[in-house]
Amino acid sequence: MEIKNICCIGAGYVGGPTMAVIAQKCPHINVTVVDINEARIQAWNNDDLSKLPVYEPGLDHVVKEARNRNLFFSTKVDQAIDKADMIFISVNTPTKTYGKGKGMAADLKYIELCARQIARVSKSDKIVVEKSTLPVRTASAIKSILDNTGNGTDVKFQILSNPEFLAEGTAIEDLLHPDRVLIGGDISTAEGKEAIDALVNIYATWVPEKQILTTNVWSSELSKLTANAFLAQRVSSINSLSELCEKTEADINEVAKAIGMDSRIGSKFLKASVGFGGSCFQKDILNLVYIAKTYGLNEVADYWEQVLLMNNHQKRRFAHNIISTLFNTVSGKKIAFLGWAFKKDTNDTRESAAIYVADELLNEQSKVSVFDPKVQKEQMYTDLDYLNTRSSEENRAGLSVFKDPYEACKDAHAIAILTEWDEFKTYDWQKIYDTMQKPAFLFDGRGILNIPELEKIGFVCYKIGSSKHNY
Ligand code: NAD
Ligand code: UGA
């Protein structure tokens, strides 16, 4: 089966970059990315490539090459569905904020709306691809909607699961050189196999075939949640030991290096931090925990929930350490944050540790000043307001945002590194020190700065997972 037209519903962090790369690599396929969010689509169509709605290194280059050649961004959802042979669903699947499963289960309302819309509009056979991260067995719900709510025409649907493993900040690199591509489908029927092959052929344009895995649809769905749970578990594991290091004069970087050289353990994802953030780790583990509970697997649920409890502890611990170090009061004191994004090289702030650390400090009436190279001021206020801890006015009075890092740090009692942006390492730290209140405290929540150098200047430093601080 030859795919000529692809539609992707959802022009977000996944839909945009993923489709841009497919379009770049497959000039013979027309790819239309649709979204109900008009502002987002307008931004994708912006002539000024620095204003794309998603910041990812290399994305502008890919979009420039493919846009208006065979890559299109549009709000005409019905039209794109109608024309497509293959439809990717790449909409958001946030944690439910209401009803049964509130705070844990994935909210599948956007997925269901897509399925109903596809069923209503389609007049020809379609391959529907789950790109969003979904609870295991969602494909059966999608299939039931597609098969039972059609428009009367005899349309056949094949459902594939093709979870996305890209990480933000390295999305383009991850898409161009994925460790693997996973495609789940109905391997028991000829039509199912044909649909799987159609998607394999697209990826095979640039991904070596041995790295394209095909499985049954349930394994594929569950593998995505499992991969994120394992990655997050490693971060929580190393973070849990960072606290023990601080008590015992062991150094977490040395421990991580020592264990990471064991090829069975591996060296990646062992960087101790102020806590993991991002739109997915927490959401996907909550989802996994919820699924386990619905099957009565309470021990399984408890096991994975601990990864989240440890992460929350790490964020709180970092904030409380600042408070206790600053003589148990931060009231009225300026604390400068370098970084607000949940990791470097992205403008995404979802679930960023910075939000929670700021919230704790604002509770103690601190004046938080923030500099982040990519995050907009309004986004920071939106993030804080979302927590509902205090009024929007109070958040604006307590937190100020600076365009210049030196201004953000001027007169501060302490600086906290919340994101590992490379540029922080290149600052004139003597200049920063000279403008600060003394003692000038520095809390490196990412372990990126040269602490001995900073201590020579006069900073009083704390580094996650190290007891070598001089206060
Ligand atoms: P996002 O919020 O950035 O984008 C989702 C988009 O879908 C939004 O622009 C929204 O307006 C649109 N949308 C929702 N309902 C729609 C509808 N009915 N019709 C048209 N458009 C609709 O989300 P994201 O970060 O791209 O994540 C999408 C999915 O991919 C999630 O399931 C997520 O778990 C998964 N995922 C995300 C990442 C990541 O790095 N962000 C990585 C891998 C997987
Ligand atoms: C993660 C996964 O890495 C992707 O494979 C997956 O596709 C994606 O989630 C998703 O499903 O959304 P992402 O959240 O973009 O990607 O970024 P990561 O690099 O995984 O970082 C997540 C968080 O963990 C960040 O806050 C990061 O700073 C933190 N982290 C990561 C650490 O604190 N230490 C580490 O060693 C690694």
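What this report covers is the structure whose coordinates are included nearby. (Residues numbered from 1 in each chain as written. Chains lettered and ligands numbered in written order. Predicted model: local features only at pLDDT ≥ 70, side-chain atom pairs only at ≥ 80, totals over all residues. Heavy atoms only, no water.)

**Quick word on the side chain of Ser74**
Here comes step 1: Here Ser74 lies in strand S3 (residues 71-74).
Here comes step 2: Ignoring anything within four residues of it in the chain, the contact list for Ser74 reads Thr32, Val33, Val34, Asp35 and Ile41. (Helix = DSSP H or I, 4+ residues; strand = E, 2+ residues; numbered from the N terminus. Contact = heavy atoms within 4.5 Å.)

**With respect to unusual backbone geometry**
Here comes step 1: Look at the link from Lys438 to Pro439: it is a cis peptide, with omega at -5°.
Here comes step 2: Secondary-structure assignment places Pro439 in the loop between helix H17 (429-435) and strand S13 (441-444).
Here comes step 3: At Arg137, a residue that is not glycine, the phi angle is positive and equals roughly 90°.
Here comes step 4: Checked against the element boundaries, Arg137 lands in the loop between strand S5 (126-130) and helix H6 (138-148).
Here comes step 5: For Glu249, which is not a glycine, the phi torsion comes out positive at approximately 65°.
Here comes step 6: For Glu249, the position within the fold is in the loop between helix H9 (217-248) and helix H10 (252-260).
Here comes step 7: The exposure class assigned to Glu249 is exposed, which follows from its relative accessible area of 71%. (Buried < 20%, exposed > 50% of the residue type's maximum accessible area, 1.4 Å probe, protein only.)

**Considering the site of ligand 2**
Here comes step 1: Taken together, 20 residues surround ligand 2, and among them Phe165, Leu166, Ser273, Cys280 and Arg446 come closest.
Here comes step 2: Lys224 is positioned with one of its side-chain polar atoms (N or O) 2.8 Å from an oxygen atom of ligand 2.
Here comes step 3: Within the side chain of Ser273, an N or O atom sits 2.6 Å from an oxygen atom of ligand 2.
Here comes step 4: When ligand 2 sits alone it has 700 Å² of accessible area, and the protein chains cover 89% of it.
Here comes step 5: No other element matches the four residues that H9 contributes to the shell around ligand 2. (Near = heavy atom within 4 Å. Polar contact = N/O pair within 3.5 Å; in protein donor to acceptor, adjacent residues only side chain to side chain. Areas by Shrake-Rupley, 256 points an atom, 1.4 Å probe, with all protein chains shown as cover.)

**Here we look at H9**
Here comes step 1: Helix length check: H9 (32 residues) gives 47 Å between terminal C-alpha atoms against 46 Å at 1.5 Å per residue, within 8%.
Here comes step 2: Here H9 starts with a cap whose side-chain oxygen sits 2.9 Å from the backbone nitrogen of Trp218, and that cap is Asn216.
Here comes step 3: Just downstream of H9, Glu249 is the residue with a positive phi angle, here 65°. (Expected span 1.5 Å × (residues − 1).)

**Concerning the nonpolar core**
Here comes step 1: Formed by 62 residues in total, the largest nonpolar core has its most connected members in Phe318, Phe337, Trp340, Ile415, Trp429 and Phe459.
Here comes step 2: Considering every element that reaches this core, the biggest residue donor is helix H13 (residues 353-363), with seven residues.
Here comes step 3: Setting aside residues up to four positions removed in sequence, Trp429 forms contacts with Leu338, Ile415, Ile417, Phe424, Leu442, Leu449, Leu454, Ile457 and Phe459.
Here comes step 4: One finds Ala11, Met19, Ile29 and Phe73 within the second-largest nonpolar core, a separate group that totals 45 residues. (Core = buried A, V, L, I, M, F, W, Y, C linked by side-chain atoms within 4.5 Å.)

**So, the packing of aromatic side chains**
Here comes step 1: This model, assessed by the stated rule, comprises 16 aromatic pairs.
Here comes step 2: Their ring planes at 75° and their centres at 5.9 Å tell us that Trp429 and Phe459 sit as a pair that is edge-to-face. Within this pair, whereas Trp429 is found in helix H17, its partner Phe459 is found in the loop between helix H18 (451-457) and strand S14 (460-463), the two being separated by 30 residues in sequence. For the residue pair Trp429 and Phe459, the accessibility class agrees, reading buried in each case.
Here comes step 3: When the ring of Tyr433 is compared with that of Phe459, the centres are 5.2 Å apart and the planes differ by 70°; the resulting orientation is edge-to-face. Residue Tyr433 is found in helix H17, and its partner Phe459 is found in the loop between H18 and S14; the two are separated by 26 residues along the sequence. Of the two residues, Tyr433 and Phe459, neither departs from the other in class, the shared state being buried.
Here comes step 4: Ring pairs connect the aromatic residues Tyr406, Phe424, Tyr427, Trp429, Tyr433 and Phe459, which therefore count as one cluster.
Here comes step 5: For the cation-ring pair, Arg180 lies above Phe165, with the distance from its terminal atom to the ring centre recorded as 3.6 Å. (Phe/Tyr/Trp six-rings, centres within 6.5 Å; stacked < 30°, edge-to-face > 60°. Lys NZ or Arg CZ within 6 Å of the ring centre and 35° of its normal.)

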